[in-house]
Amino acid sequence: QVQLVESGGGLVQAGDSLRLSCAASGRTFSSYVMGWFRQAPGKEREFVAFITRSGARTYYADSVKGRLTISRDNAKNTVYLQMNSLKPEDTAVYYCAAAYREYYSGHYEESDYDYWGQGTQVTVSS
């Protein structure tokens, strides 16, 4: 079992930066692929980014490439999402997720993950 807790959300202006954190319980954090999703008001949850077990490879949605960066520190059981040049359309609840299997096809959908955090709100004003 893995429990995930997100933090670092808040209210910022367009162009500002935020760093989100996701802390995981347990002793086997390095065994999990970690991802970030977001859900805007009135919309379905969408993929943002994921990172492989060792952190050697990262993958992003087209809408966030060049602005958002996912990273992990396995010694601290934590995954991060550095968010730069934020836009109003980035406003959403951001969720982290963990998958105990690593698939060659990637981890782009909700069904690819086994555990979810409760989310942290990010609001970007213009």
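Further up the page is the structure itself.
Here we summarise the structure given alongside this text.

Reading the values: rules and limits
Residues numbered from 1 in each chain as written. Predicted model: local features only at pLDDT ≥ 70, side-chain atom pairs only at ≥ 80, totals over all residues. Heavy atoms only, no water. Helix = DSSP H or I, 4+ residues; strand = E, 2+ residues; numbered from the N terminus. Rg over C-alpha atoms; globule rule 2.2 N^0.38 Å. Contact = heavy atoms within 4.5 Å. Areas by Shrake-Rupley, 256 points an atom, 1.4 Å probe, with all protein chains shown as cover. Buried < 20%, exposed > 50% of the residue type's maximum accessible area, 1.4 Å probe, protein only. Phe/Tyr/Trp six-rings, centres within 6.5 Å; stacked < 30°, edge-to-face > 60°. Lys NZ or Arg CZ within 6 Å of the ring centre and 35° of its normal. Pairing = 2+ DSSP bridges. Axes fitted to C-alpha atoms, helices over the stretch in contact; angles between N-to-C directions.

With that settled, consider the overall build of the chain. When helices and strands are tallied, the chain shows zero helices and 11 strands. Going from the N terminus to the C terminus, the chain shows its helices and strands as β-β-β-β-β-β-β-β-β-β-β. The C-alpha radius of gyration of the chain comes to 14 Å, within 12% of the 14 Å expected for a compact globule of 126 residues. Counting only C-alpha atoms and orienting by the principal axes, one finds that the chain spans roughly 40 × 30 × 25 Å. Across the chain, every contact between residues at least 6 apart in sequence was considered, and the portion connecting residues at least 24 apart equals 59%. For the chain, the exposed surface amounts to about 6800 Å²; the carbon and sulfur share of it is 43%.

A positive phi angle, close to 55°, is found at N77, a residue other than glycine. Classification of N77 as buried rests on a relative accessible area of 17%.

Moving on, we come to the packing of aromatic side chains. Under the definition given, this model contains nine aromatic pairs. Plain terms: the ring middles of Y113 and W116 are 5.9 Å apart, the flat faces sit at 65° to each other, and that makes the pair edge-to-face. For W116, a relative accessible area of 27% gives the class partly exposed. Among the aromatic residues, those joined into a ring-pair cluster are F37, F47, F50, Y59, Y108, Y113 and W116. Positioned above the aromatic ring of Y95, the side-chain terminus of R45 is 3.9 Å from the ring centre. A cation over an aromatic ring shows up here: R72 above the ring of F29, its NZ or CZ 4.6 Å from the ring centre.

Turning next to the sheet that holds strand 8 (residues 78-83). Here four strands make up an open sheet; going across it, the order is 1-3-8-7 and the pairing antiparallel. Either end of the sheet is taken by a strand with one partner, and the two such strands are strand 1 (4-7) and strand 7 (68-73). Within the sheet, the average angular offset between the axes of one strand and its neighbour, ignoring direction, is 15°.

A separate point is the environment of R27. Mapping R27 onto the fold places it in the loop between strand 3 (18-24) and strand 4 (33-39). Among the residues examined, R27 registers a relative accessible area of 84% and is labelled exposed. Each C-alpha atom, one on R27 and one on V2, is 9.3 Å from the other, the two residues being 25 residues apart in sequence.

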